[in-house]
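Structural features, examined
One-letter residues, chain by chain:
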Amino acid sequence: MRIITQADCTGVLAEWPEHMRRAFELARSVLSCAPNPRVGCVIVRDGRRTGEGFHAGAGREHAEIVALAADPEGGAGATVFVTLEPCSHEGRTGACVRALIDAGVKHVVIAGLDPNPQVSGVEQLEAAGIEVFRLEEFAGAAIELNKGFVRRMCQQRPFVRCKLAMSLDGRTALADGRSKWITDPQARADAQLLRAGSCAIVTGINTILADDPSLNARTEALAGGERELAEKRKSVAGQPLRVILDSKLQTPADAKTLSLDGAVKIFSLRDRASAAGFPDNVEVIVSPARQARVDLEFVLNCLATKFQCNEILVEAGPVLGGALVAAGLVDELVIYVGARLLGSDARPLLEFAGPDSLTQGDALEFVDVSVIGSGLRIIARPKAG
Ligand SMILES: NC(=O)c1ccc[n+]([C@@H]2O[C@H](COP(=O)([O-])OP(=O)(O)OC[C@H]3O[C@@H](n4cnc5c(N)ncnc54)[C@H](OP(=O)(O)O)[C@@H]3O)[C@@H](O)[C@H]2O)c1
């Protein structure tokens with residue numbers, strides 16, 4: 001495989017970065033393909049794009065197959081741009097590598113290598129005499145596009161996004177537990193897009209007891225393209241899993257979230273026999289105990305390996321959120337800031353023992369700060385390295 005940079009893209013290669021950008025645009029036309037990665041593909045012949053495709057979700061055709069079918073010459077002699085190394089294993093659909101070889105493509109240009117140990121696409125393409133290139137500048141975008149899939153393949157846990165709503169003075173609920181509503185309807189609609197793109201929505205028992213939330217993905221509040229994206233995902237994958245961390249199995253059998261369409265997983269130190277009346281869509285998973293509570297690493301490993309979750313959204317209060325942060329298990333914080341003040345008796349954003357000094361503790365970086373409705377949305381991640 002030849003690694004080339006944008007600086008190498010001159011003469012007949014001048015348009016290569018543009019073709020790859022288009023492949024990324026196609027990949028992003030779905031919110032998630034979990035458990036599969038999102039992939040876009042473009043077929044180029046004589047400098048012109050003659051076929052395009054993207055993967056729409058598990059069980060659907062892969063991007064390369066859609067693009068080959070769209071090309072009038074079925075890919076023969078063409079250069080194929082694909083955001084991820086083509087798959088080489090027969091899953092629910094045939095291997096893309098086989099299809100590319102059979103089509104007689106000339107070159108394959110990829111952005112990222114597949115972290116799935118079952119995939120050896122580049123090797124097989126090269127063994128069949130197809131020249132493979134990797135466009136170096138797109139490697140980071142390839143990981144970002146499929147950060148949950150990469151996390152699951154490499155670390156057997158999902159990408160963990162923790163969403164919180166807070167007042168301008170950093171409070172998430174009144175002292176008596178009321179937190180409806182700190183932010184405005186636009187912020188809550190925006191959060192629905194996060195739910196729609198997640199494989200699971202995770203919360204703690206106290207939020208269930210205090211708020212009796214639905215925790216499902218609702219598209220009605222979204223508008224235009226976002227609504228379309230969320231509905232497309234829902235039509236392919238249904239509702240995200242709903243997950244409750246509940247060591248003592250206190251979830252009421254009539255909790256609203258248990259009665260809604262889709263599966264609910266309750267992680268507990270007790271088994272189902274300790275509770276009565278849960279509907280059939282509810283599974284109780286017995287977790288090992290860590291400090292007398294559900295073991296967070298066990299939960300994440302289980303969500304990745306048993307339920308194939310690529311990205312999960314934690315919508316809990318300060319206790320569970322704080323525990324995840326303290327354990328270094330949060331990959332991204334999405335914080336909606338409402339333009340109000342709740343005062344010092346109100347609950348903090350996260351409850352955990354902070355560092356002893358400002359030179360200690362994990363530094364974060366702001367990935368995005370946007371105005372949403374009358375408030376702000378802040379996206380922050382742990383600083384790399
Ligand atoms: N502003 C917001 O964004 C927002 C979002 C959600 C909720 N809220 C508010 O937050 C309040 C509830 O927050 P909360 O912090 O008390 O509860 P929480 O974070 O929703 O749930 C915490 C509970 O989860 C259980 N849990 C199980 N395993 C755990 C583990 N390993 N680590 C930590 N917790 C574990 C614990 O109870 P057991 O040990 O009994 O299992 C723990 O008390 C409510 O008032 C709600 O309205 C605000």
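Residues numbered from 1 in each chain as written. Predicted model: local features only at pLDDT ≥ 70, side-chain atom pairs only at ≥ 80, totals over all residues. Heavy atoms only, no water.

Considering empty space enclosed by the protein
Rolled over the atoms, a probe sized like a water molecule indicates the empty space that remains. Following the criterion strictly, the structure yields one cavity of 30 Å³ or more and no others. Roughly 60 Å³ of internal volume is contained in the largest cavity. Around the largest cavity, the lining residues are Val 160, Val 202, Leu 245, Leu 296, Val 299, Leu 300, Leu 303, Ile 312, Val 314, Leu 320 and Leu 324. Of all the secondary-structure elements, those providing two or more residues to the lining of the largest cavity are α11 (296-305), β15 (311-314) and α12 (318-326). A total of four residues in the lining of the largest cavity trace back to one element, the largest contributor, which is α11. (1 Å grid on protein atoms, 1.4 Å probe; cavity = no way out; pocket = protein on both sides within 12 Å on 5 of 7 lines; lining within 4 Å. Points joined across faces, edges and corners; volume = space filled by probe spheres on them. Helix = DSSP H or I, 4+ residues; strand = E, 2+ residues; numbered from the N terminus.)

Structural notes on the packing of helix α2 (residues 63-70) against helix α3 (residues 96-103)
The geometry of α2 relative to α3 is characterised by a closest axis approach of 9 Å and an angle of 25° between their N-to-C directions. The angle between α2 and α3 places the two elements in the roughly parallel class. Of the two elements, α2 crosses α3, and the hand of that crossing is left-handed. Between α2 and α3, the residues in contact are Glu 64, Ile 65 and Leu 68 and Cys 96, Ala 99, Leu 100 and Ala 103, respectively. Across the contact of α2 with α3, the residue classes tally to six nonpolar, no polar and one charged. (Axes fitted to C-alpha atoms, helices over the stretch in contact; angles between N-to-C directions. Parallel < 35°, antiparallel > 145°, perpendicular 65-115°, else oblique. Left-handed = near helix turned anticlockwise from the far one by under 90°. Contact = heavy atoms within 4.5 Å. Nonpolar A, V, L, I, M, F, W, Y, C, P; charged D, E, K, R; others polar.)

Side note on the environment of Arg 188
Take Arg 188: it is sitting in helix α7 (residues 185-196). Here Arg 188 falls in the partly exposed class, since its relative accessible area comes to 26%. In this structure the side chain of Arg 188 is engaged in a polar contact, spanning 2.6 Å, whose partner is the backbone oxygen of Thr 183. (Buried < 20%, exposed > 50% of the residue type's maximum accessible area, 1.4 Å probe, protein only. Polar contact = N/O pair within 3.5 Å; in protein donor to acceptor, adjacent residues only side chain to side chain.)

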